[in-house]
4 protein chains.
Amino acid sequence: MILKLNTSIDEKEASKLAEKHKAFHINYQESQHLITSSSVKEVPDSLKGKVDKHWVFDNDMQLASREFQAETRTIKIGDLTIGGNTKNTILIGGPCSVESLDQIQESARLIKSQGLTTLRGGCYKPRTSPYSFQGLGLEGLKLLAQMREEHGLKVITEVRDATHVDEVIEHSDIIQIGAKAMYDQGILRACAKINKPVLLKRGFGTTLQEFVQAAEFILSGGNHQVILCERGIRTFETKTRFTLDLCGVAYLQEHTNLPIILDPSHALGYRYGIEKLAKACVAMGIDGLLIEAHPDPSVAKSDAAQQLTHEQFIELKSAISPVAASVGYKIV
Amino acid sequence: MILKLNTSIDEKEASKLAEKHKAFHINYQESQHLITSSSVKEVPDSLKGKVDKHWVFDNDMQLASREFQAETRTIKIGDLTIGGNTKNTILIGGPCSVESLDQIQESARLIKSQGLTTLRGGCYKPRTSPYSFQGLGLEGLKLLAQMREEHGLKVITEVRDATHVDEVIEHSDIIQIGAKAMYDQGILRACAKINKPVLLKRGFGTTLQEFVQAAEFILSGGNHQVILCERGIRTFETKTRFTLDLCGVAYLQEHTNLPIILDPSHALGYRYGIEKLAKACVAMGIDGLLIEAHPDPSVAKSDAAQQLTHEQFIELKSAISPVAASVGYKIV
Amino acid sequence: MILKLNTSIDEKEASKLAEKHKAFHINYQESQHLITSSSVKEVPDSLKGKVDKHWVFDNDMQLASREFQAETRTIKIGDLTIGGNTKNTILIGGPCSVESLDQIQESARLIKSQGLTTLRGGCYKPRTSPYSFQGLGLEGLKLLAQMREEHGLKVITEVRDATHVDEVIEHSDIIQIGAKAMYDQGILRACAKINKPVLLKRGFGTTLQEFVQAAEFILSGGNHQVILCERGIRTFETKTRFTLDLCGVAYLQEHTNLPIILDPSHALGYRYGIEKLAKACVAMGIDGLLIEAHPDPSVAKSDAAQQLTHEQFIELKSAISPVAASVGYKIV
Amino acid sequence: MILKLNTSIDEKEASKLAEKHKAFHINYQESQHLITSSSVKEVPDSLKGKVDKHWVFDNDMQLASREFQAETRTIKIGDLTIGGNTKNTILIGGPCSVESLDQIQESARLIKSQGLTTLRGGCYKPRTSPYSFQGLGLEGLKLLAQMREEHGLKVITEVRDATHVDEVIEHSDIIQIGAKAMYDQGILRACAKINKPVLLKRGFGTTLQEFVQAAEFILSGGNHQVILCERGIRTFETKTRFTLDLCGVAYLQEHTNLPIILDPSHALGYRYGIEKLAKACVAMGIDGLLIEAHPDPSVAKSDAAQQLTHEQFIELKSAISPVAASVGYKIV
């Protein structure tokens, strides 16, 4: 249950009430709200008279649900806004991993040259083998920060585990929580206390219900800026790396108020069909796309098969723009 | 291996050679071809001098592969053509089941009024329970045939099992082999001997490899007109009925020469997102869409939750048309 | 709903009532029963006074449910009985495919020498590629019949599609409906009208609910002897061929009255772990095991990797016997 | 590649060589070993003459593979040993969550009364919703430590994320890494540096390859005591909570040298079939079982449906003992 408290109740009192009722307490759109388990179906007696409005839910998708807030949330990425009624589809590009200054410079120039705003690049790689390239870590973060400085770009990078979440929060404009870290409460709780947008990727074995509930960890902690990212689920089909779940996207668009960014690169795992998939994604009227591109994919230290060349990235941008226009969106 | 025989070898001799080598024999684009297992990697000595060209394959996706024929096959549905370089996306609509003359009349009028050409409707329903509505059977087929007559429409309907495949072949313009019947060799072999287009649906537990190999049963028997239909695979996600596999579609478009029709209705299982999914499908540059619509979905005898109203169907058509245009296709 | 009619109502009258109420009618344990959809929750007025007992169900698992009949059904395979309170675990062995007289003779001798009763062997192979070995067909059936004659064995073989279901029914003692044919109503309805045991395999993409409902097609048609066979489902894991679903077996044992035979050979797909898996299966207290064995697996025309040698089969039998004993069962 | 260095090379020199070759360095069975990526197929020139023996691998399952070490590793849990040639199947019991002193006291008494050695109980619960019971945290750890003290039991508890991994390491005898935390390198790397056994659960969307590679993170860091735990994977089947993958267990037993403990409670998710599944597990000749039991499951704060009563736990122990005996193992 979500309870919107009377305006007569200030933040301090709300906080006390939350503690008393073992509820979460957030300040949302300048009103105090308490959030309890969805198993609570009636306003507790001790809160009667203190509640302006309340919402009852079937399950723990509460703050994220369109029942609580009908319009899609607005996310501010510096001076760029997505979600809400902006009809913006942000195209975020860059390499799988930050590998060197030269490489990330080329990537930054690509993004800039295309009139885009946000550069991606992994620093702490959640590799499944200890014997693979593990990313440049803090050094990579600093290279990204340098790109931000030099090119006026926003940067997004992934936090792998809770041991370095503070570093990532400090150095990036959007915090990416990867598919393998999605249940990590060390990360979720740290991201709940900050003011920056968080891009939460769906785990490849994660149900839509669990996915949205992971977002609730962040929302109920007071960070209202969560973006969902579908990047493919694991199915029996192995000709492609994963299976992009656009039925799931339709579900999320219908039932949640969270903006959605799609990642066709990781879903397909091969360069050849990324452009077509990107068109499909954009046609659904989504808030953004994550596309991996590398100055020279053949020498990439991770995900070599799925990263586009820069030429292909430019081509993709020009191919998806008319599709976005056909559904009333524009690529930014 | 596929072997294209010399022009000096006529159909009769080719047939003898096929028998001798336990190969399939087809007449394709006015040339005699033999097809053996892909495990054959070299032209047999006894065929040397008789072969114009041959293709070696890694696996049993042979006639369907772009290595054998680079361009997408052309399919003739009466005077309408899809595939090839037509850039046509056929929109096929109609109810899940043919239920009565009145109902199918309204459906036929809808299709006609929208300038469309092809009406769908199930007669032999592959229900998973014996206690559900099983379809009108032959009576339904006759109603469809009546619609064809009265409205000049083409009709497509599903064959459930081999016991009535001949009836379906007789009465419909496109033979639909459903997801649950996809491995049925009684059906596949019957469809291999005819001259009508066959729409082969992917089983919900079927790999892409098996799916294309099922098409090979038809192609190697001499029917060149096979259309693949992706309609959602079964995954761990249950908020939606199935998971539409557009990564798989990207794979099939890249590797096979078979036209592709998508069925978002069965994939999602709910009316609310069909239009958005349909846009995503169309943006990939596909050969067709199957959309379920019912004059009054609330009384439908099967799949009530996913059938669009006729108003929604009209809306969908108008919503997908600009998307098709944005990728150079048109809805027919 | 299942309705057990008064003893005053004879078969003929029951049949008329069934027709009138669009219900199935069976003679079960010498009583007339009608079966309607599970959506019927109350005895229709027109049947009041004619019903001895009735059962209401949540879903269409009706005749197969333990609510209708608490004890596991008894299946007669000639003079051998499984299910009921027999505590028999039948071990059925033999090759994937019947390939030649010599081969099947050796197989028959193996079964006989081990004091076993039932020989398996595929004649109509449901291969996924047209370019693979398709089985000996009718010729294979005749070889099996010859083995039955010569060795006094029972035989089980698979029906691939409805075009030859009558042949298989004629020549085998247990009719096997394979995983890919499980939804085939041409087969299910044919098997509903006979008096022989039917072994129904679960499709690899089939839910437990659909699996039991497929059995209901046979049961509601009047054949009471259905055995369920779990043989592995398709999951994201590809190191093994399929994933044997013993959680599903626990579910079926708890909720249905149908005997259960397990097929670890197809599930794992590799010889190395068949014996361990067979022990696991037997420890659950099951009604039977299907194990593939071949006189020389290295030359087998299908499923070469998973067929045991005859030595391994003998070893397996001796390894599972004490496990069966430890749960109160015996291998027969 | 794994390289076993000459005995002439001491730990210090080995460490230098490791750094130079960007390899892992461990002291295993009193010999210095270097481990590189499996993509290295030949001993580097600069190491020639310094290597006693080396192993080349197809993939990054290296230290865990039976090619490197044929016998199953031995794990010491205090004075109890599992794995190796002990033929011990450890039965670990206790509640899903530590809820109170009274509750965990009863659980400890149960374990003790059954002659068992190890008590389980969750303190940091990896719940998927922020609105569910999250566990007692450090307070719970202290209750477990108290049980160890009072009853002479070993305790196992789960680490949820890297923020409290040190606390869990300090207070428990076996560190459990749960299914949702399995890719967490913050946890894996912390567990690589300790000397206590680690029970690593397979993620429900995790391939066997990735599962073993997660173990390699711990093994390559120098902790040789890793136990694998299969607890069910997520499939399309939803009648049961997960699908216990015993085919996968057969694979792991064949290919890896790591002991295996199975968790049928989480796999099935319902009390009714736990005993039967436990028998199946034990029949495979495994190293242990994790079974959830609660003094009063009806009031349990998590996983209420799957926890056994104490009576059922006692019954289970007595039911699995003869099965273990039938395969030459004993329950400890």
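None of the values given here were measured: they were computed from a predicted structure.

A.B. asks: Tell me about the relation of the copies chain D and chain A, and name the residues and values.
C.D. replies: Screw-axis analysis of chain D against chain A gives a translation of 0.0 Å along the axis, an RMSD of 0.0 Å, and a rotation angle of 180 degrees. On this basis, the relationship between the two copies can be described by a two-fold rotation axis. For chain D, the minimum C-alpha distance to the rotation axis belongs to Gly205(D) and amounts to 2.2 Å. Taken as a fraction of all interface residues of chain D, those also at the interface in chain A reach 100%, which identifies the copy contact as same-surface.

A.B. asks: Which residues make up the relation of the copies chain A and chain B, and what are the values?
C.D. replies: Note that the two copies of the chain are related through a rotation about an axis and a translation along the same axis. After a rotation of 180 degrees and a shift along the axis of 0.0 Å, chain A superposes on chain B with an RMSD of 0.0 Å. Most of the interface of chain A is mirrored in chain B: 100% of its interface residues are interface residues there too.

A.B. asks: Can you explain the interface of chain A and chain B? Please cite residues and give values.
C.D. replies: At the junction of the two partners, chain A supplies 42 residues and chain B supplies 42 residues. Roughly 3100 Å² is buried in total at the junction of chain A and chain B, and carbon and sulfur atoms are behind 71% of that figure. In terms of surface lost to chain B, no three residues of chain A exceed Phe236(A), Lys239(A) and Cys247(A), which account for 21% of the buried area on that side. Scanning the region where chain A abuts chain B turns up two salt bridges. We note a salt bridge from Arg202(A) to Glu237(B), for which the minimum N-O separation is 2.9 Å. Summed over the shared surface of chain A and chain B, the result is eight residue pairs in polar contact (both at pLDDT 80 or more). No other element matches helix 7 (residues 246-255) of chain A, which puts eight residues into the side of chain A that touches chain B. In terms of residue class, the side of chain A that touches chain B is made up of 21 nonpolar, 13 polar and eight charged.

A.B. asks: Break down the confidence of the model for chain A for me, citing the residues and quoting the values.
C.D. replies: In this model, chain A carries a mean pLDDT of 97, and residues with pLDDT of at least 70 account for 100%. Scoring of the predicted complex yields 0.97 for pTM and 0.97 for ipTM.

A.B. asks: Describe the environment of Glu11(B), with residues and values.
C.D. replies: Within the element layout of this structure, Glu11(B) appears in helix 1 (residues 11-20). A polar contact is formed between the side chain of Glu11(B) and the side chain of Asn27(B), at a distance of 3.4 Å.

A.B. asks: So, the domain arrangement of chain A: which residues are in play, and what are the values?
C.D. replies: Residues and elements named next belong to chain A. Each domain of chain A was delimited in the assignment, giving domain 1 (2-55) and domain 2 (74-331). For domain 1 and domain 2, the distance between their C-alpha centroids amounts to 34 Å. Across the contact, five residues belong to domain 1 and five residues belong to domain 2. Buried area between domain 1 and domain 2, summed over both chains or domains, comes out near 360 Å², and the portion from carbon and sulfur atoms is 65%. Considering only the side of domain 1, the residues that lose the most area to domain 2 are Phe 24, Ile 26 and Tyr 28, jointly responsible for 75% of the buried surface there. On inspection of domain 1 and its partner domain 2, the count reaches zero salt bridges. At the surface where domain 1 touches domain 2, the tally comes to one residue pair in polar contact (both at pLDDT 80 or more). Its residues placed into classes, the side of domain 1 that touches domain 2 shows three nonpolar, two polar and no charged.

A.B. asks: Before we move on, can you summarise the interface of chain D and chain A with the specific residues and values?
C.D. replies: Listed by partner, the interface residues are 37 residues for chain D and 37 residues for chain A. Interface area, chain D with chain A, both sides summed: about 2800 Å², of which 56% is carbon and sulfur. Linking chain D with chain A are two salt bridges. For Glu210(A), the salt bridge is made with Arg234(D), and the minimal N-O distance between the two is 2.6 Å. Applying the counting rule to chain D against chain A returns 18 residue pairs in polar contact (both at pLDDT 80 or more). Examining the composition of the side of chain D that touches chain A, we find that five residues originate from one element, helix 6 (residues 208-219) of chain D, more than from any other. Of the residues contributing to the side of chain D that touches chain A, the split by class is 11 nonpolar, 15 polar and 11 charged.

A.B. asks: I'd like a description of the packing of aromatic side chains, backed by residues and values.
C.D. replies: Applying the stated criterion across every chain, the model contains 24 aromatic pairs over all chains. Between Tyr183(A) and Phe204(D), the aromatic rings sit 5.9 Å apart at their centres with planes inclined by 85 degrees, giving edge-to-face as the arrangement. Here Tyr183(A) is found in the loop between strand 10 (174-177) and helix 5 (185-192), whereas its partner Phe204(D) is found in the loop between strand 11 (198-201) and helix 6 on a different chain. Considered together, Tyr183(A) and Phe204(D) belong to a single accessibility category, that of buried residues.

About the thresholds
Residues numbered from 1 in each chain as written. Chains lettered and ligands numbered in written order. Predicted model: local features only at pLDDT ≥ 70, side-chain atom pairs only at ≥ 80, totals over all residues. Heavy atoms only, no water. Least-squares fit on C-alpha atoms with pLDDT ≥ 70 in both. Contact = heavy atoms within 4.5 Å. Buried area = accessible area lost by both parts, 1.4 Å probe. Salt bridge = Lys/Arg side-chain N within 4 Å of Asp/Glu carboxyl O. Polar contact = N/O pair within 3.5 Å; in protein donor to acceptor, adjacent residues only side chain to side chain. Helix = DSSP H or I, 4+ residues; strand = E, 2+ residues; numbered from the N terminus. Nonpolar A, V, L, I, M, F, W, Y, C, P; charged D, E, K, R; others polar. pLDDT = per-residue confidence, 0-100. Domains from an automatic or database assignment. Phe/Tyr/Trp six-rings, centres within 6.5 Å; stacked < 30°, edge-to-face > 60°. Buried < 20%, exposed > 50% of the residue type's maximum accessible area, 1.4 Å probe, protein only.

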